[in-house]
Amino acid sequence: MKLTLHVWRQKNAASQGKMERYEVEANEHMSFLEMLDVLNEELIGKGQEPVAFDHDCREGICGSCGFVINGVAHGPMPGTTVCQLHMRHFKAGDELYLEPWRASAFPVVKDLVVDRGAFDRIIASGGYISASTGSAPDANAVPIPKKYADLSMDAAQCIGCGACVAACPNASASLFTSAKISHLGVLPQGEPERRERALRMVATATAEGFGNCTNIGECEAVCPKGIRLEFIARMNRDYIQASWLQRQESSAGGVG
Amino acid sequence: MSTATTALAGKAARDVRFLDSTIGKKVVMAITGVILVGFVIGHLLGNLQVYQGPHALDVYAEKLKSLPPLLWGTRIVLLISVGLHIWSAVTLAGLQKRARPVGYVKLKPVTSTYASRTMYWSGPILALFIVYHLLHFTTGQAHPQFVEGKVHQNLVLGFQNPLVSASYILAMLMLGMHLYHGVWSMFQTVGVNHPKYTPMLKKLAAAVSAFLVIGNISIPISVLAGVIK
Ligand code: HEM
Ligand code: FES
């Protein structure tokens, strides 16, 4: 099938980019990225610069890939990363617009590749548990009711691809941040630092230049891993409690 | 705002930081929003007395004016609420502009409602309407036949002008849109989201909006149709 692509081409972070038009011959068994591989082979053959896009696992689990296809992050199929999106969902003659995630916190590195280092810095500011773990504990040494284990696992599905930011009209990182806060916070191991974690990670997201949440829900709709708005409410709850209930450290107990 | 790694320095610093944060500002918006929603519901219930004949509204207005602490208490709370609501909207809007300086060539919303995406339009339009509404029916500068205390007559003469009625109807549609998103959004903002309750809250938002739009719009329409004289 013949497709027309309009692809955002940008040499590097400092240069101005623009949309360029390409024609490509794909078949329905290809993944979207394989279709771009075909385009790139052609471009290289013609001595032109191939289209840069991020990818690694190509099986929807690493979070590397992702760009906007016809105005929807990761394209038209719900719950699917672009590497797992197949060409059978498109038809001959389709005209597709490919654009990088757009957010000031995700500067374009080249073409469809953006720098998502801001996500790493949000995690570094609180997305951990500072208990000494020793060797791996027995699986069920800490009993955790199934519903909390499930909730934590649902949040832990987040692969940090950035589609939530890309789809949000405010370029907010709330869905990502809330998933990273929640998958730890619902478990007993994450409970002691729950409040401090919310304070730090929310503050970092704002400092990185992400917008605020207006409860629009586009993030949830494009998330390849089904992270829910429920986690944003949970983050808000943690944050509100943290702001109002936080205590200062004190040596009165004799441990100062 | 820098990352919050330092120990919290006293209650004042904590309050400032809360109000500095995006979540804190949204909480302010939600709390002031709830006050405003409560008011617009009460305001409509009071105004529906217009259907009880030409004197009911005048008597009702008289009663409110005879209770200055209630009247002024309400006015002050409302003024502060609107002020804070707009303050958080304006500061957050600035943040959003900075967060996405370059937009998309193609953008296709997947699930979001039109109402949710236009909060930053419906809100400011409501603010303009509130100013006009006060000048029209409360202080009278925007009402050519205004007579102090003749509430029913002011209302009927005002709405007999189709342009005036049209602007009220338009404003109420904006209010309906604002609250269609706002009334469930404020729960989400303060952390209430549960698979059991959130669908109900969305229905509640739709019901509140429908009640306010239909109830309020019925008044200018009834005047134009000659039902209220
Ligand atoms: C009758 C007057 C008004 C009422 C009853 C009202 C009510 C509400 C409610 C309940 C919310 C939801 C709060 C949340 O999501 O946390 C909201 C949000 C909002 N309101 Fe209003 N509002 C009114 C007037 C205004 C005005 C005058 C503005 C003008 C600047 C405005 C701008 C906004 C904005 C920008 C939001 C944010 C939407 C979001 O974050 O989802 N509102 N309002
Ligand atoms: S390449 Fe790993 S998720 Fe798409």
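Everything below is about the structure printed above this text.
Residues numbered from 1 in each chain as written. Chains lettered and ligands numbered in written order. Predicted model: local features only at pLDDT ≥ 70, side-chain atom pairs only at ≥ 80, totals over all residues. Heavy atoms only, no water.

**Q** Can you walk me through empty space enclosed by the protein in this structure?
**A** Over the atoms a probe the size of a water molecule is rolled, and this reveals where empty space is left. Counting across every chain of the model gives 5 cavities of 30 Å³ or more. Size it by volume and the largest cavity reaches roughly 180 Å³. For the lining of the largest cavity, the class distribution of residues is 8 nonpolar, 10 polar and 1 charged. (1 Å grid on protein atoms, 1.4 Å probe; cavity = no way out; pocket = protein on both sides within 12 Å on 5 of 7 lines; lining within 4 Å. Points joined across faces, edges and corners; volume = space filled by probe spheres on them. Nonpolar A, V, L, I, M, F, W, Y, C, P; charged D, E, K, R; others polar.)

**Q** So what exactly am I meant to see when it comes to the site of ligand 1 here?
**A** All names here are of chain B. The immediate surroundings of ligand 1 are formed by 23 residues, with K26, H85, H178, S185 and T189 found nearest. Within the contact set of ligand 1, an oxygen atom lies 3.3 Å away from a side-chain nitrogen or oxygen of H181. When residues of the shell around ligand 1 are traced back to their parent elements, those giving at least two are α2 (22-47), α4 (68-99), α6 (119-138) and α8 (162-189). In terms of residue count, α8 provides more of the shell around ligand 1 than any other element does, 8 residues in total. (Near = heavy atom within 4 Å. Polar contact = N/O pair within 3.5 Å; in protein donor to acceptor, adjacent residues only side chain to side chain. Helix = DSSP H or I, 4+ residues; strand = E, 2+ residues; numbered from the N terminus.)

**Q** I would appreciate a short explanation of the pattern of salt bridges in the present structure.
**A** A side chain with one charge may pair with a side chain of the opposite charge, provided their charged atoms come close. All names here are of chain A. Summed over all chains, the structure comprises 16 salt bridges over all chains. The salt bridge partner of R58 is D37, with a shortest N-O separation of 2.8 Å. Residue R58 is found in the loop between α1 (32-45) and β3 (68-69), and its partner D37 is found in helix α1; the two are separated by 21 residues along the sequence. Between E208 and R121 there is a salt bridge; the shortest N-O distance is 2.6 Å. Of the two residues, E208 is situated in the loop between α6 (194-207) and α7 (218-222) and R121 in helix α2 (residues 117-124); the sequence distance between them amounts to 87 residues. On the basis of relative accessibility, which here comes to 43%, the residue R121 falls in the partly exposed class. (Salt bridge = Lys/Arg side-chain N within 4 Å of Asp/Glu carboxyl O. Buried < 20%, exposed > 50% of the residue type's maximum accessible area, 1.4 Å probe, protein only.)

**Q** Where do I start with the packing of aromatic side chains in this structure?
**A** Between two aromatic rings, the relevant description is the distance of the centres plus the angle of the planes. Scanning the entire structure with this criterion turns up 13 aromatic pairs over all chains. Put simply, the rings of F129, Y132, F137, F159 and Y168 of chain B touch in pairs and so form one group of aromatic residues. Geometry around W8 of chain A places R102 of chain A over its ring, the cationic atom sitting 4.2 Å from the centre. (Phe/Tyr/Trp six-rings, centres within 6.5 Å; stacked < 30°, edge-to-face > 60°. Lys NZ or Arg CZ within 6 Å of the ring centre and 35° of its normal.)

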